[in-house]
Amino acid sequence: MTVSPILTAVRSRTPLVHCMTNTVVPQITANVLLAVGAAPAMIDLPEEAEIFAGVASALLINVGNGSAEQHRAMRLAAAAAEREGTPWVLDPVAVGALPVRTQLARDLLAHRPAAIRANASEILGLAGASAGGRGVDATDTADDALAAGRELSEQTGAVIAISGPVDVVISGGRVTRISGGSPLMPLVIGTGCALGATVAAALGAVSGSGHSAHEAVVAAHALFGAAGSRAAQQTNAPGSFQVAWIDALHTLTPDEVATLVSVEEA
Amino acid sequence: MTVSPILTAVRSRTPLVHCMTNTVVPQITANVLLAVGAAPAMIDLPEEAEIFAGVASALLINVGNGSAEQHRAMRLAAAAAEREGTPWVLDPVAVGALPVRTQLARDLLAHRPAAIRANASEILGLAGASAGGRGVDATDTADDALAAGRELSEQTGAVIAISGPVDVVISGGRVTRISGGSPLMPLVIGTGCALGATVAAALGAVSGSGHSAHEAVVAAHALFGAAGSRAAQQTNAPGSFQVAWIDALHTLTPDEVATLVSVEEA
Amino acid sequence: MTVSPILTAVRSRTPLVHCMTNTVVPQITANVLLAVGAAPAMIDLPEEAEIFAGVASALLINVGNGSAEQHRAMRLAAAAAEREGTPWVLDPVAVGALPVRTQLARDLLAHRPAAIRANASEILGLAGASAGGRGVDATDTADDALAAGRELSEQTGAVIAISGPVDVVISGGRVTRISGGSPLMPLVIGTGCALGATVAAALGAVSGSGHSAHEAVVAAHALFGAAGSRAAQQTNAPGSFQVAWIDALHTLTPDEVATLVSVEEA
């Protein structure tokens, strides 16, 4: 698999990731990006976001809890990213369950995200196929969302990543499953949101290389799962798990990642 | 005491807690809710907050540092919670010391919070009895605020919880004191704010059960104190204390909680 | 050196630090202030910020990622601080690289900050001497910014602190260099921003004493470097480093600080 060279590329190229994310996770998102070797920059003012989306290596737009001002900035930044060729990732948090962000996320699809990372309920919500969940909870399984994910990939051209006990990455007829991680990961807020940011970092790092966007998305998921597996060897409680997991994101070698997760083409 | 079955109910029912909180504590609040077995959702946009307050198991409104847009959303959400019967908790951070939030918190009382959690200075500030403090510091003791707390409970119907070295919970002529915790807790930002969210989780978990709101508020305080006592057995510095405290919130059994704190009716 | 009595003064006087900071770092900033012995209060609403800047022991204005409403509040608070004699610190995050915050930071200089803390690129950006960097990255060295720092100090009367592998503090013809810390510090988000807040705490603590603002700024940098050196003796990964570093900020004695860093007058 191509996980190893992509993780090496993230560390050597230090992609600058413009993050527009929700109010809960900026700190852990930034710490995760630093741990994996990328450089975070949170910029949400409309005037500045529009400029920075054209300068950054990649852009993350996470539509979880934000302000009306930030939503305006997201629309400008997504348009700028499309115009300037900056790869960008959509994380449609709680889309399908809440109206403002659902409309926002669907509108943003027109600006051609390189990847969409979400749980199964959110993929169904984005595709218009779900009655909604309880917000950020995934009440559907990845396989429930497989058909919707395929269709969304065909419509938008984006790589679709569906997070769950087994992560599924879909694009162009290809389906890759990544197993690993730990049940403790959903007990640490922001692990999913920080994965969206790390997908952006990987896309920024492979830009201009021979690696595909699909491979970059898989590599980010493999690193996250491997760090979760490593941390779960050290603790069974969420406070110390978070610390061990961030340590592992920084210290695991690409070869260790390969031994800690399973990556399979369907 | 009824602490044990209520903590078990939080873990088995996974109450969905809609949190509208200040800019400093969303991450620790979410991590604490996940650690205790609840599900957090931070939603501050007016249109979405009004909807979600009617869907969630419980709502927290913490008037610490927020925006004008969030304040509008809080008014809508409190009204929706009252209308839909969602139990909600008011955390009047620095009320009495700062004018905008003081007016906001007093206005919100009309929507009948199920509980109000605060330090003594804030209870006095909410009741209009204090000259204000230095903001979030409690310069008054819980006993200074006892009379104001009783009166506030009678006026609003809310359970009043006053945090301090000994926590005091007041409602309907009943006064319960919870001892435990650690002097390190005030050195970790957000332990008080996360307690407000956990009170909401406990209220959501007992809804429809035979347990009273008073008992739910006491149970949340007992768990917090017990986790503080346990963490203080492991470290004497605030960084590692935070980690150990979140671990303890997750791993303490309800029976262990009973051995680590003292709960007494006055 | 005067580091030891100033750190003791912070712990004994508990200066109340009004923080207006970016969306990424409020939690770590508050935890750091609590760890060093100060009291944090984040207040960003215009009406409340203007009042509180006149009440607090010191004010921090960090122009990293914020909202238009917060920017209005910063202008009011800086004016109030100048009017009421509250010492205040400017942290010009990514100034020079992004237009809105660059204009804001330059405008705020008119309100006479007591100190400006930044990396070299930001000092150059504030002085108008840089073509900008990639945002928060320092692409220039402290020595590149020495002349700009001197000039900025002369123009504004502020103590200028330039963070880097060796920190440089400049004012009134005096140049002090502080060595210590760890390469892991830039891998924990907010260590620089929290240093700005700790500079404010130190300025608040020396107010009315015989110590100069220059000495207060140096003391804050010495404590940060010493805690970084201590934490780096315990771990080589960023998650556990953050925990150990906050522990060290709280537990190091002033005398231990003196053994862990080198403070030299040029």
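What you see is a predicted model, and the numbers here were worked out from it, not measured in a lab.

Scoring rules and cut-offs
- Residues numbered from 1 in each chain as written.
- Chains lettered and ligands numbered in written order.
- Predicted model: local features only at pLDDT ≥ 70, side-chain atom pairs only at ≥ 80, totals over all residues.
- Heavy atoms only, no water.
- Helix = DSSP H or I, 4+ residues; strand = E, 2+ residues; numbered from the N terminus.
- Rg over C-alpha atoms; globule rule 2.2 N^0.38 Å.
- Contact = heavy atoms within 4.5 Å.
- Areas by Shrake-Rupley, 256 points an atom, 1.4 Å probe, with all protein chains shown as cover.
- Lys, Arg positive; Asp, Glu negative; His and termini not counted.
- Charge placed at Lys NZ, Arg CZ, Asp CG, Glu CD.
- Buried < 20%, exposed > 50% of the residue type's maximum accessible area, 1.4 Å probe, protein only.
- Pairing = 2+ DSSP bridges.
- UniProt positions renumbered as here; feature names shortened; annotations may be inferred.
- Polar contact = N/O pair within 3.5 Å; in protein donor to acceptor, adjacent residues only side chain to side chain.
- Axes fitted to C-alpha atoms, helices over the stretch in contact; angles between N-to-C directions.
- Parallel < 35°, antiparallel > 145°, perpendicular 65-115°, else oblique.
- Left-handed = near helix turned anticlockwise from the far one by under 90°.
- Nonpolar A, V, L, I, M, F, W, Y, C, P; charged D, E, K, R; others polar.
- Salt bridge = Lys/Arg side-chain N within 4 Å of Asp/Glu carboxyl O.
- pLDDT = per-residue confidence, 0-100.
- Core = buried A, V, L, I, M, F, W, Y, C linked by side-chain atoms within 4.5 Å.

Chemist: Talk me through the overall build of chain A; I want residue IDs and the actual numbers.
Modeler: Helix and strand counts for chain A stand at eleven helices and nine strands. Taken over C-alpha atoms, the radius of gyration comes to 16 Å for chain A, in line with the 18 Å a tight globule of 266 residues would show. Expressed as lengths along the three principal axes of its C-alpha atoms, the size of chain A is roughly 40 × 40 × 35 Å. Nonlocal contacts in chain A, meaning residues at least 24 apart in sequence, comprise 72% of its contacts between residues at least 6 apart. Accessible area of chain A: about 8400 Å², with a carbon and sulfur share of 51%. Looking at chain A, you have 14 positive and 23 negative side-chain charges, and the mean spots of the two groups are 1 Å apart.

Chemist: Please give an account of the pairing of strand E6 (residues 159-163) of chain C that cites residues and values.
Modeler: Residues and elements named next belong to chain C. Among the five residues in E6, five count as buried, and that is most of the element. Covered by surrounding structure in E6 are Val159, Ala161 and Ser163 together with Ile160 and Ile162, the residues of both alternating faces. With five bridges joining them, strand E5 (residues 115-119) and E6 adopt parallel strand pairing. Residue pairing across strands places Asn119 opposite Ser163, the latter belonging to E6.

Chemist: Can you explain the UniProt feature "binding site: ATP" (unreviewed entry) in chain A? Please cite residues and give values.
Modeler: Residue and element names in this part refer to chain A. Taking the numbering used here, the UniProt-annotated feature "binding site: ATP" (unreviewed entry) corresponds to Arg117 and Ser163. Spatially, the listed residues are clustered: although they cover 47 residues, their C-alpha atoms lie within 7.3 Å of one another. Mapped onto the fold, Arg117 is located in strand E5 (residues 115-119). Look at Arg117 and you get buried, because its relative accessible area is 6%. In this view, Arg117 contacts Leu90, Asp91, Pro92, Ala161, Ser163, Gly192, Cys193, Leu195, Gly196 and His221; residues no more than four positions away in its chain are not counted. With respect to the helices and strands, Ser163 occurs in strand E6 (residues 159-163). Residue class for Ser163 comes out buried when judged on its relative accessible area of 18%. Beyond its immediate chain neighbours, meaning those up to four positions away, Ser163 contacts Arg117, Ala118, Asn119, Ala120, Leu195 and His221. At 2.6 Å, the side chain of Ser163 and the side chain of Arg117 are in polar contact.

Chemist: Which residues make up the packing of helix H9 (residues 213-232) of chain C against helix H10 (residues 238-251) of chain C, and what are the values?
Modeler: Residues and elements named next belong to chain C. Between H9 and H10, the least distance of the axes is 8 Å, while the angle of their chain directions is 130°. By the angle between their axes, H9 is oblique relative to H10. Both H9 and H10 take part in a crossing whose hand is right-handed. Contacts from Leu223, Phe224, Ala227, Gly228, Arg230, Ala231 and Ala232 in H9 reach Phe241, Ala244, Trp245, Ala248 and Leu249 in H10. When its residues are assigned to classes, the contact of H9 with H10 shows ten nonpolar, one polar and one charged.

Chemist: I'd like to hear about the interface of chain A and chain C, residue by residue, with values.
Modeler: The partner chain C presents 27 residues to the 24 residues of chain A that form the contact. Run the count over chain A and chain C and you get one salt bridge. Along the contact surface separating chain A from chain C lie eight residue pairs in polar contact (both at pLDDT 80 or more). Of all elements in the fold, only helix H2 (26-36), strand E2 (39-42), helix H3 (46-52) and helix H10 (238-251) of chain A reach the threshold of two or more residues within the side of chain A that touches chain C. The dominant element in the side of chain A that touches chain C, judged by the number of residues it contributes, is H2(A), at six residues.

Chemist: Describe the confidence of the model for chain A, and please don't skip the residues or the numbers.
Modeler: In the predicted model, chain A carries a mean pLDDT of 95, and the fraction of residues at 70 or more is 95%. Interface confidence for the predicted complex, given as ipTM, is 0.95, next to a pTM of 0.97.

Chemist: Break down the sheet that holds strand E4 (residues 88-91) of chain B for me, citing the residues and quoting the values.
Modeler: All names here are of chain B. With mixed pairing, nine strands are arranged side by side in an open sheet as E2-E1-E3-E4-E5-E6-E7-E8-E9. Of all the strands in the sheet, just strand E2 (39-42) and strand E9 (262-265) have a single pairing partner and so form its edges. Mean inter-strand twist for the sheet, computed between neighbouring axes without regard to direction, equals 20°. Running at roughly 155° to E2, helix H2 (residues 26-36) makes contact with strand E1 (16-20) and E2 of the sheet. Packed on one face of the sheet, helix H4 (residues 68-84) meets E1, strand E3 (58-62) and E4 and runs near 145° to E3.

Chemist: Lay out the nonpolar core in plain terms, naming residues and giving numbers.
Modeler: Within the largest apolar cluster, 323 residues are counted, with the highest numbers of intra-cluster contacts made by A:Trp245, B:Trp245 and C:Trp245. Beyond its immediate chain neighbours, meaning those up to four positions away, B:Trp245 contacts B:Ile28, B:Val32, B:Met185, B:Thr191, B:Phe224, B:Ala227, B:Gly228 and B:Ala231.

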